[in-house]
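Coordinates in review
Below, each chain spelled out in residue letters.
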Amino acid sequence: MSLFRIKRCTALTLYCVLYSPCSLLCNFSLSNIFLPACNLILALTLTAPLLAACIVLSILCLALLIRVSKDRAKLLQRGLLFRWPILSVDPGHISPALRTTELGPSLDSLVSITPSLGVRGGISDLESCILAALAKAASARELPGTQTHIFEFGTCTGKTTHHLALNAGHLARVVTLTLAPDQHTTYQRGKGDDPRDTHAALKESAFTRFYYSGTNVEPQITQLFGDSKALDITPHQALYDLIFVDGSHARSYVESDSRLAMHMLKPGGLILWHDYRGPWRARGVWSTLNALAQSHTLVHIKGTSLVVYTN
Ligand SMILES: C[S@@+](CC[C@H](N)C(=O)[O-])C[C@H]1O[C@@H](n2cnc3c(N)ncnc32)[C@H](O)[C@@H]1O
């Protein structure tokens, strides 16, 4: 029998033994002392555990609140209540260019980017830096005279396309695919796709002029328009050093784009996906990547929503 039950029994016994005779002998002067005392003991015995539970709960809530406010970004990335299926690693794990020194980021990670101010459907500044540094590192690895090839699923404003071309160097070629505003009817919604993802994909398919338009890296960029499920990958097989999958976030599209990306990747190349943000946001990305991680080694980059695969 638990301590609490023993205490409660004792109190009840006391109450019965003392209260009943006392109420019978209500004129007995001692009952004036016993009755309030018994009531107090009973009340304390019954309410004390409740009170203790409330105090413990309040302390736990306070501790959780402090932890959340101290490390909000990190917790959002890692999941508050459980570990995410894809392991999180530091950016330096992906490429030596992203390793840090005792002074902070190494000079190999020095890149040119524009800040994410008022950009539609874009990526964070840290994510831009990482992608740009990976594009730069991919070019640095190439043998003299050979080209770096980069592919992007989902151009949107073309801000990332611009960063990729700008940082990969003048020998690099960037191919980027997007759905044009007059091609919305070609979008092939899958059975299990979340209607919100379809809506967002079509809403973002609004551009025909891009961030890189008119810049001096434009000649390095090939802009493709069309539905990614209809992309003929014959000329793209095993060609790319770096592939960024950031098209429609509907599950059937993430699955299809990922499958194509696997065929388009060169040995030793990298595929990056955007928007791996936990089970409540961009669910198509979340479920597809978690499923893919069962057969392929994927890692999530800490502090970002990027997931990486290398073959
Ligand atoms: C999240 S935005 C891409 C953001 C961009 N990568 C960046 O970093 O700035 C998604 C893009 O995917 C494109 N998209 C959506 N559905 C598509 C489809 N079915 N085929 C090709 N592109 C699609 C949209 O037009 C939009 O440009």
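One structure accompanies this document, and this report is about it. (Residues numbered from 1 in each chain as written. Predicted model: local features only at pLDDT ≥ 70, side-chain atom pairs only at ≥ 80, totals over all residues.)

The secondary structure content of the protein chain amounts to eight helices and 10 strands. A separation threshold of at least 6 residues defines the contact pool for the protein chain, and within that pool the share at least 24 residues apart is 73%. (Helix = DSSP H or I, 4+ residues; strand = E, 2+ residues; numbered from the N terminus. Contact = placed C-beta atoms within 7 Å.)

Glancing now at the packing of helix α7 (residues 251-264) against helix α8 (residues 283-292). Taken N-terminus to C-terminus, the directions of α7 and α8 make an angle of 45°; their axes are 8 Å apart at the nearest point. One element, α7, and the other, α8, form an angle in the oblique class. Note that α7 runs across α8; the crossing there is right-handed. Of α8, the residues touching α7 (which contributes Arg-251, Val-254, Glu-255 and Ser-258) are Gly-284, Val-285, Ser-287, Thr-288 and Leu-292. For the contact of α7 with α8, the class distribution of residues is three nonpolar, four polar and two charged. (Axes fitted to C-alpha atoms, helices over the stretch in contact; angles between N-to-C directions. Parallel < 35°, antiparallel > 145°, perpendicular 65-115°, else oblique. Left-handed = near helix turned anticlockwise from the far one by under 90°. Nonpolar A, V, L, I, M, F, W, Y, C, P; charged D, E, K, R; others polar.)

It is worth spelling out the environment of Ile-243 at this point. By the secondary structure assignment, Ile-243 is in strand β7 (residues 240-245). C-beta crowding within 10 Å serves as the criterion here: with 27 such atoms nearby, Ile-243 is assigned to the buried category. Along the primary structure Ile-243 and Ala-135 are separated by 108 residues, whereas in three dimensions their C-alpha atoms are 9.8 Å apart. Sequence-distant contacts of Ile-243, that is, excluding residues within four places in its chain, are made with Phe-151, Ala-261, Met-264, Leu-265 and Ile-271. (Buried ≥ 20, exposed ≤ 12 C-beta atoms within 10 Å, placed from the backbone.)

Attention shifts here to α8. Every buried residue of α8 is accounted for by Gly-284, Val-285, Trp-286, Thr-288, Leu-289 and Leu-292. Along its buried surface, α8 packs onto α6 (195-204), α7, β8 (265-273), β9 (298-301) and β10 (307-310).

A separate point is the pairing of β8. For β7 and β8, the ladder comprises five bridges, and the chain directions are parallel. Opposite Ile-243, over in β8, you have Ile-271 as the bridge partner. Where β8 and β10 come together, four bridges link them in antiparallel fashion. Bridging from a neighbouring strand, Leu-272 pairs with Val-308 of β10. (Pairing = 2+ DSSP bridges.)

In the vicinity of the ligand, 23 residues are found, and the nearest of them are Gly-154, Cys-156, Thr-160, Ser-205 and Ser-248. Across the shell around the ligand, the residue classes tally to seven nonpolar, 11 polar and five charged. (Near = placed C-beta within 6 Å.)

Before going further, it helps to spend a moment on the nonpolar core. Most often, soluble globular proteins keep nonpolar side chains buried together rather than apart. Counting residues in each nonpolar core, the largest one holds 56 residues, and the members touching the most others are Leu-134, Ala-135, Ile-150, Leu-242, Ile-243, Leu-272 and Val-308. Per-element accounting of this core gives the leading share, nine residues, to helix α4 (residues 125-141). With residues up to four places along the chain from it excluded, the contact list for Ile-150 reads Ala-135, Leu-164, Ala-168, Ala-172, Val-174, Tyr-240, Asp-241 and Leu-242. (Core = buried A, V, L, I, M, F, W, Y, C linked by C-beta atoms within 7 Å.)

Mapped onto the fold, Arg-259 is located in helix α7. Each C-alpha atom of the pair Arg-259 and Leu-292 lies 9.8 Å from the other, and the pair is 33 residues apart in sequence.

What follows covers the packing of α4 against helix α5 (residues 159-168). Their axes nearest at 8 Å, the elements α4 and α5 cross at an angle of 35°. By crossing handedness, the relation of α4 to α5 is classed as right-handed. Residues Ser-128, Leu-131, Ala-132, Ala-135, Lys-136, Ala-138 and Ser-139 of α4 form the contact with α5, whose own contacting residues are Thr-160, His-163, Leu-164, Asn-167 and Ala-168. Taken together, the residues of the contact of α4 with α5 sort by class into six nonpolar, five polar and one charged.

Within the open sheet, the eight strands sit side by side as β1-β9-β10-β8-β7-β4-β5-β6. Their pairing is mixed. With one partner strand each, in any of the chains shown, β1 (88-89) and β6 (221-225) form the two edges of the open sheet. Seen against the sheet, α5 touches β4 (149-153), β5 (173-178), β6 and β7 and runs at an angle of roughly 170° to β4.

Along α5, 10 of the 10 residues are buried, which leaves the element largely enclosed by surrounding structure. For α5, the full list of buried residues reads Lys-159, Thr-160, Thr-161, His-162, His-163, Leu-164, Ala-165, Leu-166, Asn-167 and Ala-168. Summarising the contacts, the buried residues of α5 are in contact with α4, β4, β5, β6 and β7. One or two residues past the end of α5 sits Gly-169, with phi positive at roughly 95°.

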